[in-house]
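One-letter residues, chain by chain:
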There are 2 protein chains.
Amino acid sequence: MTFHDLHHGELPLLLPNAWDVASALAFVEAGFPAVGTTSLGVAASAGHPDGGRATAEANQVLAGRLATLPRPVSFDVEDGYSDDPEQVAVYVAGIAAAGPAIAGVNIEDSTAGHLVDPRAHAAKVAAVKHAVPGLFVNSRVDTYWLGQDATVPATLERAGAAVAAGADGIFVPGATDPDDLRVLTSAIPVPVNVLPVPGLSLAELGRLGVRRVSTGSLPYRAALEAAVTVATAVRDGTAVPPAVPYARVQELLVGYADARD
Amino acid sequence: MTFHDLHHGELPLLLPNAWDVASALAFVEAGFPAVGTTSLGVAASAGHPDGGRATAEANQVLAGRLATLPRPVSFDVEDGYSDDPEQVAVYVAGIAAAGPAIAGVNIEDSTAGHLVDPRAHAAKVAAVKHAVPGLFVNSRVDTYWLGQDATVPATLERAGAAVAAGADGIFVPGATDPDDLRVLTSAIPVPVNVLPVPGLSLAELGRLGVRRVSTGSLPYRAALEAAVTVATAVRDGTAVPPAVPYARVQELLVGYADARD
């Protein structure tokens, strides 16, 4: 089943977001049919704040490392790291060329916390689709995420420009109101992606028309929380939270290295 | 208080092991006075099994990124990535030169799962101490860890050779028997480091003479576990485990970037 096909299953595609190879392998082992990346996780690993175009190089390295993952991977490439559509297309083509696992990208329509002109963003989407037609381009509309023009009409206008430019999916992080979601998914002709909505199950989001739910940075932030909790528990003698056994991590890594070499 | 001084507190030094910048920052924020690295975590992040000399380059990158951490950092450099003591010294000097936070290294006396000749290992320790006299060199004795010559006399012989070569501390991962620990810490004239021992508190390990307890790969493995658990919980609609808030991670990263630039 292709990455595109996974957006048309019975339930929305739940896409867990990895920050490195072992987290991606752990998601695959847990049965997730595809894996995303998290720009916060990738930026934080390298010591940079999220959203500042700091992950361009780290994503290239990560794409090389995930190139042979046995499940499709979608990369979060922030805003494509450039205002120039051709530069964005060259960058994304490089990510896609890293290997057969790379099946999609997320490109956001904001730069440094501000919405960009919808036509400028659509030009990036068009350039990427022209350069790598088979790649699933998930175009992010940051109206709700940034609290700027956070209305259904403004979001639909931006989504429409991206779809006209060839976007395969529309991601609206921060959209949570069921009525908004119903209108957005009805009006947008490609799969709509949201972040998890507290209180709404995957099935309920599916009934509202959502086709994909990304965990975003949540797994990385839960990972940080667990790391501190376990170290504190060892220090204070309290109950130590669960951890994947050392031998199991090694087994995953040896298996991946063997399949790659 | 210097990193050396931290080995002489009332309780053993609890050293949590980071795999990237954000995990190191989270440990600092949680009040730990120093931070280690985990070779499993660093290797796994890059998609390599642990213990195969695969982390040399990744550690150089990480040392650059942690160079300005406001707490001392001790790097796990496996076996120094070479059989040649001078090569090991050049490598470690490069790690130490990355920045003021780099205060120590762990060097293990096994290569690819096998103990090396104690004299060969001691020569590495001596070369490193000659090149970087102020660095805290924690010499790992892998007898218990590998289950090879896992006896007190064999361990003491190896520890003695490393101490004679200038080691500032001795790390015996896998040693858990209280009687063994009492004999080891009495006979070894420098601070002795162990992994957490289930059932023994930090204070109890301190009373057995232990001066440092490293969490090893446990935080990274707990992080992987939490990442999978949280993604599965979102998919299945079960209770979502705690996570550091997005804004808090960003705040840590912005603060670190501001202090660095």
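Scroll up a little and you will see the structure.
Described below are features of the structure shown in this document. Source: prediction; values computed, not measured. (Residues numbered from 1 in each chain as written. Chains lettered and ligands numbered in written order. Predicted model: local features only at pLDDT ≥ 70, side-chain atom pairs only at ≥ 80, totals over all residues. Heavy atoms only, no water.)

## Looking at the interface of chain B and chain A
Contacts between the two partners involve 54 residues from chain B and, on the opposite side, 54 residues from chain A. Between the two partners, chain B and chain A, sit zero salt bridges. Residue assignment for the side of chain B that touches chain A shows that the elements contributing at least two residues are helix H1 (21-29), helix H2 (39-46), helix H10 (218-236) and helix H11 (246-260) of chain B. Counting residues per element, the side of chain B that touches chain A draws most heavily on H10 of chain B, which supplies 16 residues. Here the residues of the side of chain B that touches chain A sort into 39 nonpolar, eight polar and seven charged. (Contact = heavy atoms within 4.5 Å. Salt bridge = Lys/Arg side-chain N within 4 Å of Asp/Glu carboxyl O. Helix = DSSP H or I, 4+ residues; strand = E, 2+ residues; numbered from the N terminus. Nonpolar A, V, L, I, M, F, W, Y, C, P; charged D, E, K, R; others polar.)

## Observations concerning the pattern of salt bridges
As enumerated under the stated definition, the model contains 22 salt bridges over all chains in all. A salt bridge links Asp117 of chain B to Arg119 of chain B, with the shortest nitrogen-to-oxygen separation between them at 2.9 Å. Under the relative-accessibility criterion, Arg119 of chain B is labelled exposed at 66%. Note that Arg248 of chain B and Glu251 of chain B form a salt bridge whose closest N and O atoms lie 3.1 Å from each other. Of this pair, Arg248 of chain B and Glu251 of chain B both sit in helix H11, separated by three residues, roughly a single helical turn. One network of salt bridges, with partners in common, ties together Glu29, Arg248 and Glu251 of chain A. (Buried < 20%, exposed > 50% of the residue type's maximum accessible area, 1.4 Å probe, protein only.)

## With respect to the pairing of strand E4 (residues 73-76) of chain A
All names here are of chain A. Because side chains alternate across E4, one face comprises the buried residues Val73 and Phe75, and the other comprises Ser74 and Asp76, equally buried. Here E4 pairs with strand E5 (residues 102-108) via four bridges, running parallel. Along E5, the bridge assignment pairs Ser74 with Gly104. Crossover connection from E4 via helix H4 (residues 85-96) to parallel E5: handedness right-handed. (Pairing = 2+ DSSP bridges. Right-handed = clockwise from strand over helix to strand, strands pointing away.)

## A few points about the nonpolar core
Formed by 154 residues in total, the largest nonpolar core has its most connected members in Leu69 and Phe75 of chain A together with Leu69 and Phe75 of chain B. Excluding anything up to four places from it in sequence, Phe75 of chain B contacts Thr37, Asn59, Leu62, Ala63, Leu66, Ile95, Ile102, Gly104, Val105 and Asn106 of chain B. (Core = buried A, V, L, I, M, F, W, Y, C linked by side-chain atoms within 4.5 Å.)

## A word on the relation of the copies chain B and chain A
In screw terms, the move from chain B to chain A is a rotation of 180 degrees and a rise of 0.0 Å along the axis, fitting with an RMSD of 0.0 Å. The superposition of one copy onto the other is thereby described by a two-fold rotation axis. The C-alpha atom lying nearest the rotation axis in chain B is that of Ala223 of chain B; the distance is 1.9 Å. Here 100% of the contact residues of chain B are again contact residues in chain A; the copies associate through an equivalent surface. (Least-squares fit on C-alpha atoms with pLDDT ≥ 70 in both.)

## Concerning the packing of aromatic side chains
In this description, a pair of aromatic rings is defined by centroid distance and the angle of the planes. If you walk through the whole model with that rule in mind, you get 10 aromatic pairs over all chains. When the ring of Trp19 of chain A is compared with that of Tyr220 of chain A, the centres are 5.2 Å apart and the planes differ by 70 degrees; the resulting orientation is edge-to-face. A residue pair is termed long-range when its members are at least 10 positions apart, and Trp19 of chain A in the loop between strand E2 (17-18) and helix H1 (21-29) and Tyr220 of chain A in helix H10 (residues 218-236) qualify at 201 residues. By relative accessible area, which is 4% here, Trp19 of chain A ends up buried. Judged by centre distance (4.9 Å) and plane angle (70 degrees), the rings of Tyr81 of chain A and Tyr91 of chain A are edge-to-face. With a gap of 10 residues between them, Tyr81 of chain A in the loop between E4 and H4 and Tyr91 of chain A in helix H4 connect regions that are remote in the sequence. Above the face of the Phe32 of chain B ring, Arg235 of chain A is positioned so that its terminal group lies 4.7 Å from the ring centre. (Phe/Tyr/Trp six-rings, centres within 6.5 Å; stacked < 30°, edge-to-face > 60°. Lys NZ or Arg CZ within 6 Å of the ring centre and 35° of its normal.)

## Structural notes on the sheet that holds strand E10 (residues 192-194) of chain B
Residues and elements named next belong to chain B. What the nine strands build is an open sheet, ordered E1-E11-E10-E9-E8-E5-E4-E3-E2; its pairing is parallel. At either end of the open sheet lies a strand with only one pairing partner, and these are strand E1 (13-15) and strand E2 (17-18). Here two bridges tie E2 to strand E3 (residues 35-37), and the two strands are oriented parallel to one another. Within the sheet, the bridge partner assigned to Ala18 lies in E3 and is Thr37. Together, E3, strand E4 (73-76) and strand E5 (102-108) form the strand contacts of helix H3 (residues 56-66), whose direction differs from that of E4 by roughly 175 degrees. Packed onto the sheet, helix H5 (residues 118-131) meets E5 and strand E8 (136-140) and runs at close to 170 degrees relative to E8. (Axes fitted to C-alpha atoms, helices over the stretch in contact; angles between N-to-C directions.)

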